Amino acid sequence: MGIKNKYGFMAGFRENSGLMNPVIKLLLEGGGLSTAQMAQVLNLSEAEVNRQLEQLKKERILLGWRPVLNLSEEDTGVVRAVIEVRITPERGGGFNRLAERISRFDEVESCYLMSGGYDLLVFVSGSSLQKVAAFVSEKLSTVDGVLSTATHFMLRSYKEHGFLLDVKSEENSRLKVTP
Amino acid sequence: MDTTRFIARHVVNLPRSGIRDFFEIVAKMDDVISLGIGEPDFDTPWHIREAAIYALEKGKTHYTSNLGLIELRRAINRYLEKNFNLSYRPEDEILVTVGVSEALDIAFRALVNPGDAVMFHQPCYVSYHPSITLTHGVAVPVPTYAKDNFALTAEALASAWQPGCKLLVLNLPCNPTGGTCSRAQLEAIARFCVEKDLLVLSDEIYSELTFEGGHVSIACLPGMQERTVFLHGFSKAFAMTGWRIGYACGPAVLIEAMMKVHQYSMMCASIISQEGAIEALQRGADAMNAMREQYQRRRDFIVRRFNEIGLKCHLPRGSFYAFPDVSVTGMSEKDFAVGLLQAERVAMVPGTAFGGNGAGFCRACFATGYDQLIEAGTRIERYVQKLAAQSARAEGPQGDSPG
């Protein structure tokens, strides 16, 4: 297991953290608390915590849950790549329509509009190198408006969503009682 | 051969820390949830650790000035100007030490003549009393009380004062009680110090961990900077306990006197820790605020739980310690702590480890994860309920005993 940065240091989030919902704060701290535990910490009923989570989902602030796994390619057979995509902006919608269209492919995990030498940074995954390559050549690069793609395959992860992957859970070296 | 005769008399008579005794019981047990730890559970933020690694790579492995790196002293001054409304000349009013512990020790050694009386509020950090004894001073404890949320009052000071008192040690917010003083209370203390011509040693190691109302240093009250040695460090707010790095600020003459003792004993603080400290002061605020916010949530939780369980606990305004009153169980704080440890494997430190005035209380450090705090709450509740049931049985059925 990796180790989350335990004090929840997430650059960018904290400037308005005063405004943030306490439930979100607890989630961001990454302690993996159950709703019952969150309820205890926040002095709310479990039903209230669940209601707030539902509300956050309804407002599309909380989109969903994903486990962060530490599995190598041999374990999962998943190949991941990052693709730099140049596209033609459209009158009226700019990059949005094309970006959304590309995002809808199941192979696409994340998609961002970037400044600089290309427009979209697209994270894709597939069950083999061939499948990812086929997605790029047959689906992505043939979309009308896509000018070019540059595909980089990922070789190894060191950190996923704030979790270090190759650091063993450190033995707790704190003394049990100190002044 | 009896080698004890070689030990200095005042050291032979020095008691061991009560925490040490308790530690030895806890160390032999497994699966203990320890609320007995006096340090952050967070590791030092990575950017600070990385700065120290970089310093090593760059060959920063030498002695520094006795006073400490001038860059660090400048950074300390900027930090105090910004956050404490205090200003000290980096050249001769700031001394970098090996933690506040060393700063206190050299302050006592530089300032106390044999027989000089030193006042300090109690319950308090374990080393004040012995440090005074080691310099052949006379320790004059001043009690603080739960009814005042363990704030030190000028009235208590006045009743404890005796002729010959020269120094007053303050530790606000306080380990173990979390108590601290309002500005008005501090002003009354400051007036008392001026009236009685006391020099203040102000250990403000928990100052950044003040949750409500902001921290006020006694040194920034009118007329007090010249009679205060301000002591601070990086251990608690920046989670840097193992780095052993702190500092003392005060009038140049006093800093020079302390520097002499420091120079002949410690020479200088570790350069690696000093480099880490510069990074902490310059870029550590975000991580520190994130940690403080978590401590506050944990405090709110554990204090609420203690009160629900029936162990009356004031809301500590600072530090990461709760100080619940366990006397309701009818047990001494020591019996309670040992019983709790044996029955439920939760460690809290008996309040008397912090001076006689801690009788009836235990210190619970909440610098530990929520899951541990929640579980500790459950176990303490079970233990207190068991004690209540036992004492109900011992009293027996009431009113219908056969004649």
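This one's a predicted model, so the numbers in the text were calculated from it and none came from an experiment.

Considering the sheet that holds strand β12 (residues 362–365) of chain B
In a beta sheet, neighbouring strands pair by backbone hydrogen bonds and run either parallel or antiparallel. All names here are of chain B. Spatial strand order, β9-β12-β11: 3 strands in an open sheet with antiparallel pairing. Each edge of the sheet is formed by a strand with only one pairing partner; in this case those strands are β9 (321–322) and β11 (349–350). Pairing of β9 with β12 involves 2 bridges; the strand directions are antiparallel. By the bridge assignment for β12, Y321 is matched with C365.

Notes on the side chain of B:T241
All names here are of chain B. Structurally, the position occupied by T241 is in the loop between β7 (228–233) and β8 (246–249). Of the polar contacts made by the side chain of T241, one reaches the side chain of E39; its length is 2.5 Å. T241 has contacts with E39, P40 and S235, leaving out every residue within four places of it along the chain.

Concerning the confidence of the model for chain A
All names here are of chain A. The share of residues in chain A with pLDDT of 70 or more is 86%, and the mean pLDDT across the chain is 85. Averaged pLDDT values over the elements of chain A bottom out at 72 in helix α4 (residues 73–76) and peak at 97 in strand β2 (residues 108–113). Contacts from residues 1–5, a stretch scored under 50 in pLDDT, to residues over four places away or in other chains number 21 contacts. Here residues 9–18 scores under 50 on pLDDT; set against residues more than four positions off or in separate chains, the count is 14 contacts.

Quick word on the domain arrangement of chain B
Residues and elements named next belong to chain B. In terms of domain boundaries, chain B breaks down into domain 1 (3–43 + 286–387) and domain 2 (46–284). At the junction of the two partners, domain 1 supplies 37 residues and domain 2 supplies 39 residues. Contact between domain 1 and domain 2 buries roughly 3100 Å² in total, counting both sides, with carbon and sulfur atoms accounting for 61%. Across the contact surface, domain 1 and domain 2 share 1 salt bridge.

Structural notes on the nonpolar core
All names here are of chain B. Core analysis: the biggest nonpolar cluster contains 93 residues, and L201, F336 and I380 have the highest contact counts within it. At 8 residues, the largest contribution of residues to this core is made by helix α13 (residues 370–395). Excluding residues within four positions of it along the chain, L201 makes contact with L104, A107, F108, L111, L167, L168, V169, L170, V229 and L231. Counting residues in each nonpolar core, the second largest holds 30 residues, with V96, M240, Y247 and A269 among its members.

Overview of the pairing of β8(B)
Residue and element names in this part refer to chain B. In β8, alternate side chains face the same way, and those of G246 and A248 on one face and Y247 and C249 on the other are all buried. Here strand β2 (residues 94–97) runs beside β8; their pairing, made up of 4 bridges, is antiparallel. In the sheet register, V96 faces β8, and the bridge partner there is Y247.

A word on the interface of chain B and chain A
Interface size is commonly expressed as the accessible surface area that is lost when the partners come together. Counting residues at the interface gives 38 residues for chain B and 22 residues for chain A. Note on chain B versus chain A: buried area summed over both sides is about 2700 Å², and carbon and sulfur give 54% of it. Residues B:R297 and A:E29 are paired through a salt bridge, measuring 2.1 Å at the closest nitrogen-oxygen approach. The interface formed by chain B and chain A holds 7 residue pairs in polar contact (both at pLDDT 80 or more) in total. Of all the elements in the fold, those that place two or more residues in the side of chain B that touches chain A are α2 (18–27), α11 (285–309) and α13 of chain B. Considering every element that reaches the side of chain B that touches chain A, the biggest residue donor is α11(B), with 10 residues.

As for unusual backbone geometry
A negative phi holds for most residues other than glycine; trans holds for most peptide bonds. Omega for the peptide link from B:L172 to B:P173 comes to -10 degrees, which places this bond in the cis form. As for its position among the elements, B:P173 is in the loop between β5 (165–170) and α8 (183–196). The residue after B:N175, namely B:P176, is reached through a cis peptide bond having omega 20 degrees. Looking at the element boundaries, B:P176 is found in the loop between β5 and α8. Unlike most non-glycine residues, A:N43 shows phi in positive territory, near 60 degrees. Examined against the element boundaries, A:N43 turns out to sit in the loop between α2 (35–42) and α3 (46–58). One non-glycine residue, B:S319, lies in positive phi territory at about 75 degrees. In this structure, B:S319 sits in the loop between α11 and β9.

Considering the sheet that holds strand β1 (residues 79–87) of chain A
All names here are of chain A. With antiparallel pairing, 4 strands are arranged side by side in an open sheet as β2-β3-β1-β4. Looking at the sheet topology across the chains shown, the edges are occupied by β2 and β4 (146–153). Taken pair by pair, the neighbouring strands of this sheet meet at an average axis angle of 20 degrees, ignoring direction. Sheet topology places β1 next to strand β3 (residues 120–126); 7 bridges connect them, and they run antiparallel. The residue bridging A81 from the neighbouring strand is V124, located in β3. Where helix α5 (residues 96–103) meets the sheet, its contacts fall on β1, β2, β3 and β4, and the angle it forms with β2 comes to roughly 165 degrees.

Digging into the packing of helix α1 (residues 22–29) of chain A against α2(A)
All names here are of chain A. Taken N-terminus to C-terminus, the directions of α1 and α2 make an angle of 120 degrees; their axes are 11 Å apart at the nearest point. Relative to α2, α1 is oriented oblique. Note on packing geometry: the crossing formed by α1 with α2 is right-handed. Contacts from P22, V23, L26 and L27 in α1 reach M38, V41 and L42 in α2. When its residues are assigned to classes, the contact of α1 with α2 shows 7 nonpolar, no polar and no charged.

Focus on a nonpolar patch on the surface
Residue and element names in this part refer to chain B. Judged by side-chain polarity, I7, V11, V12 and L134 come together as a nonpolar surface patch covering roughly 300 Å² of accessible area. Tracing the backbone shows I7 in the segment before α1 (9–12). The partly exposed category is assigned to I7, whose relative accessible area is 40%.

What counts and how
Residues numbered from 1 in each chain as written. Chains lettered and ligands numbered in written order. Predicted model: local features only at pLDDT ≥ 70, side-chain atom pairs only at ≥ 80, totals over all residues. Heavy atoms only, no water. Pairing = 2+ DSSP bridges. Helix = DSSP H or I, 4+ residues; strand = E, 2+ residues; numbered from the N terminus. Polar contact = N/O pair within 3.5 Å; in protein donor to acceptor, adjacent residues only side chain to side chain. Contact = heavy atoms within 4.5 Å. pLDDT = per-residue confidence, 0-100. Domains from an automatic or database assignment. Buried area = accessible area lost by both parts, 1.4 Å probe. Salt bridge = Lys/Arg side-chain N within 4 Å of Asp/Glu carboxyl O. Core = buried A, V, L, I, M, F, W, Y, C linked by side-chain atoms within 4.5 Å. Buried < 20%, exposed > 50% of the residue type's maximum accessible area, 1.4 Å probe, protein only. Axes fitted to C-alpha atoms, helices over the stretch in contact; angles between N-to-C directions. Parallel < 35°, antiparallel > 145°, perpendicular 65-115°, else oblique. Left-handed = near helix turned anticlockwise from the far one by under 90°. Nonpolar A, V, L, I, M, F, W, Y, C, P; charged D, E, K, R; others polar. Patch = residues over 30% accessible without salt bridge, like charges linked within 9 Å, V, L, I, M, F, W, Y side chains within 5 Å. Areas by Shrake-Rupley, 256 points an atom, 1.4 Å probe, with all protein chains shown as cover.

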